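# Analysis of the macromolecular model
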Amino acid sequence: MGKVNNEQLLEQIGPVKEMIQTCIQCGTCTASCPNTEFMDITPRHMWRLLLTDHAEALFSSKSFIMCSSCYYCTLRCPRGLELTNAMSLLKQAASRLKLKQFRHSSLFYDAFLDSVKKHGRVREMEFMTHYFVSMKNPVVPFGYASLGLKLLSKGKIRPEFGSSGKGKLTALFKRVAELEG
Amino acid sequence: MKYLYYPGCSLEGTSVEYNISTKLLMEALDVQLEEIEDWNCCGATAAESNSHLLSYVLPARNLALAEKMKSSKQILVPCSACYLNLKKTEEIIKKDKILFEKINIVLAEEDLVLKGDVIVRHLLDVLSKDVDIEKVKGNAQNKMSGLTIAPYYGCQCLRPFTVFDDPEEPHSMDALIQATGAGVFKWDMGAQCCGASNTTTKPEAGMELVGRILKAAKGADAILTVCPMCQMNLESNQKKISHKEGIDLEIPVLFLPQFLGLAMGMIPKDVGLNLNLSNTGPLIQKAI
């Protein structure tokens with residue numbers, strides 16, 4: 001997908017802005033987040049950008065994909081805002097818009113869900129292979145090789161080959177896509 | 001006592017020892033488990049990062065399948081990520097009627113209906129609240145006395161739904177550990193994040209979080225977990241992080257039911273101890 005402008009981004013994230021409308025910028029979320037040192041802007045700053053319609057700036061940061069869903073911010077937010085869910089909605093928007101800077105994470109989730117659609121359950125080896133192939137980077141898999149071999153030797157993952165034909169949950173996935181437009 | 005059982009994908013693969021030991025422990029505690037027929041993946045964190053509706057439909061299919069079963073109205077879930085996904089679906093349909101309707105429109109593709117009359121329970125919730133702890137105590141063989149065990153809870157069995165424990169300072173594992181004769185390691189990392197899937201997709205961040213936990217556990221004889229993701233992260237990165245930090249951070253990491261089973265006299269192989277990725281040898285030596 002080519003360049004997405006601020007208006008298009010705003011349209012996608014309207015519901016998230018709605019969710020955090022009562023944010024008082026206290027920064028409790030930032031203070032509670034275990035991943036802030038790996039973020040270019042803090043969670044509090046992200047909500048500020050969202051509230052002031054600076055969607056381009058928001059999506060030029062990768063802060064929200066650093067969220068590891070620990071739910072500390074949600075638990076502690078004095079306004080009771082569901083901030084972890086807001087992070088997820090931003091990840092969904094990035095995935096829907098196929099934004100280039102989030103390709104790495106989107107591919108990981110796509111590979112995972114593809115395995116679920118086909119078999120109903122995740123086949124870990126198939127999904128990681130799919131992920132590595134889709135990244136088109138021959139060096140990346142080596143970082144995981146020693147763990148992979150260990151898991152194989154313990155019989156915890158099995159080399160499996162995808163069955164062809166209709167996937168187990170294809171009908172559900174299709175209906176979801178229709179309803180979400 | 002009888003519960004419907006949702007193992008989830010990890011318990012069929014990378015955390016098969018969690019499955020084996022949970023079933024064995026429950027049997028020893030006179031708790032019956034009946035696996036939900038034809039269950040599917042809960043969506044993990046992938047569905048919620050991709051589609052809002054899908055992230056509820058995948059768990060909802062499991063709840064609908066569970067509702068068709070007659071033996072119990074409670075689902076026992078050992079995996080914290082699965083637990084959270086099933087729980088959030090149980091909760092949201094009480095509040096969001098429009099979403100509830102949409103979920104049922106999708107489930108109709110498989111002639112399934114979700115009514116909302118099953119309760120989702122985490123394994124730790126059931127072990128600490130429903131099970132008679134005297135049964136653990138009565139069967140404990142004193143092997144564990146003298147050991148100091150670090151209880152690690154992780155995030156998603158505690159937050160955002162605060163059902164059975166304090167979400168910041170959890171203690172539900174304490175009594176279970178003490179019932180085996182072991183002591184509880186005092187630390188403040190029990191409810192901290194292990195980095196989740198960041199260890200795979202953003203390793204520099206994920207490894208930092210795992211490292212903080214391993215460093216804080218120094219002095220304990222083992223760490224206990226109740227989540228496949230936490231277990232994998234804490235076990236599989238010990239060598240790498242030890243090397244990077246220049247200190248030995250290796251420590252046995254066990255699933256809670258493995259540890260309780262061992263204390264109650266089960267043999268290591270029966271609780272799947274040969275399948276753990278960390279070196280559990282030092283713990284077994286000390287326990288005997």
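Every value quoted in this text rests on a predicted model; they were computed, and no experiment measured them.

### Notes on the overall build of chain B
For chain B, the helix and strand inventory stands at 13 helices and eight strands. Taken over the C-alpha trace, chain B has a radius of gyration of 19 Å; the compact-globule value for 288 residues is 19 Å, and the two agree within 12%. Looking at the 288 residues of chain B, the share that counts as buried comes to 59%. Across chain B, every contact between residues at least 6 apart in sequence was considered, and the portion connecting residues at least 24 apart equals 77%.

### Description of the nonpolar core
Formed by 143 residues in total, the largest nonpolar core has its most connected members in F112 of chain A together with I75, V77 and I223 of chain B. Those residues within four positions of F112 of chain A in sequence are excluded, and the remaining contacts are V122 and F127 of chain A together with A44 and A46 of chain B.

### As for the interface of chain A and chain B
How big an interface is tends to be expressed through the accessible area that disappears when the partners come together. Taken together, the 40 residues of chain A in the interface contact 42 residues of chain B. Put simply, the parts of the chain that give the side of chain A that touches chain B at least two residues each are α5 (72-76), α6 (83-96), α7 (103-119), α9 (142-153) and α10 (170-180) of chain A. Looking at the side of chain A that touches chain B, its residues break down into 21 nonpolar, 11 polar and eight charged.

### A word on the sheet that holds strand β1 (residues 2-5) of chain B
All names here are of chain B. Read across the open sheet, the four strands follow the order β2-β1-β3-β4; overall the sheet is parallel. A single partner strand is all that each edge strand has here, and the edge strands are β2 (32-35) and β4 (119-122). Strand-to-strand twist of the sheet, defined as the mean angle between neighbouring strand axes without regard to direction, takes the value 40°. Two elements, strand β3 (residues 74-77) and β4, share four bridges in a ladder whose sense is parallel. Bridge pairing links Q74 to I119 in β4. Packed onto the sheet, helix α3 (residues 80-95) meets β3 and β4 and runs at close to 155° relative to β4.

### Observations regarding unusual backbone geometry
With an omega dihedral of 0°, the bond running from R159 of chain B to P160 of chain B counts as a cis peptide bond. The residue P160 of chain B is located in the loop between β5 (148-151) and α7 (174-179) in this model. A positive phi angle, close to 55°, is found at S69 of chain A, a residue other than glycine. Tracing the backbone shows S69 of chain A in the loop between α4 (55-59) and α5. On the basis of neighbour count, S69 of chain A is assigned to the buried category, with 22 C-beta atoms found within 10 Å. We note that D38 of chain B has phi near 65°; this positive angle belongs to a residue other than glycine. Of note, D38 of chain B is situated in the loop between β2 and α2 (52-67). Overall, D38 of chain B belongs to the exposed group, with 11 C-beta atoms counted inside 10 Å.

### Some details on the confidence of the model for chain B
Looking at chain B as a whole, the pLDDT averages 96, with 100% of positions reaching at least 70. Quick note on the complex model: pTM equals 0.95, ipTM equals 0.95.

### Re the pairing of β1 of chain B
Residue and element names in this part refer to chain B. Where β1 and β2 come together, four bridges link them in parallel fashion. Within the sheet, the bridge partner assigned to K2 lies in β2 and is Q32. Between β1 and its parallel partner β2, the chain crosses via helix α1 (residues 16-28), and the hand of that crossover is right-handed. One ladder, built from two bridges, connects β1 with β3; its direction is parallel. Bridge pairing in β3 places L4 opposite I75.

### Quick word on the domain arrangement of chain B
Residues and elements named next belong to chain B. In terms of domains, chain B is made up of domain 1 (2-124) and domain 2 (137-287). Put simply, the middle of domain 1 and the middle of domain 2, counted by C-alpha atoms, are 25 Å apart. Taken residue by residue, the interface counts 24 residues in domain 1 and 27 residues in domain 2. Among the elements of the structure, α1, α3 and α5 (123-129) are those that each provide at least two residues to the side of domain 1 that touches domain 2. For the side of domain 1 that touches domain 2, a count of residues per class yields 13 nonpolar, eight polar and three charged.

### A word on the sheet that holds β5 of chain B
Residues and elements named next belong to chain B. In spatial order, the strands read β6-β5-β7-β8; together these four strands make up an open sheet with parallel pairing. With one partner strand each, in any of the chains shown, β6 (183-184) and β8 (253-255) form the two edges of the open sheet. For β5 and strand β7 (residues 222-225), the ladder comprises three bridges, and the chain directions are parallel. Each bridged residue has a counterpart across the sheet, and for I149 the counterpart in β7 is A222.

Analysis parameters
Residues numbered from 1 in each chain as written. Chains lettered and ligands numbered in written order. Predicted model: local features only at pLDDT ≥ 70, side-chain atom pairs only at ≥ 80, totals over all residues. Helix = DSSP H or I, 4+ residues; strand = E, 2+ residues; numbered from the N terminus. Rg over C-alpha atoms; globule rule 2.2 N^0.38 Å. Buried ≥ 20, exposed ≤ 12 C-beta atoms within 10 Å, placed from the backbone. Contact = placed C-beta atoms within 7 Å. Core = buried A, V, L, I, M, F, W, Y, C linked by C-beta atoms within 7 Å. Nonpolar A, V, L, I, M, F, W, Y, C, P; charged D, E, K, R; others polar. Pairing = 2+ DSSP bridges. Axes fitted to C-alpha atoms, helices over the stretch in contact; angles between N-to-C directions. pLDDT = per-residue confidence, 0-100. Right-handed = clockwise from strand over helix to strand, strands pointing away. Domains from an automatic or database assignment.

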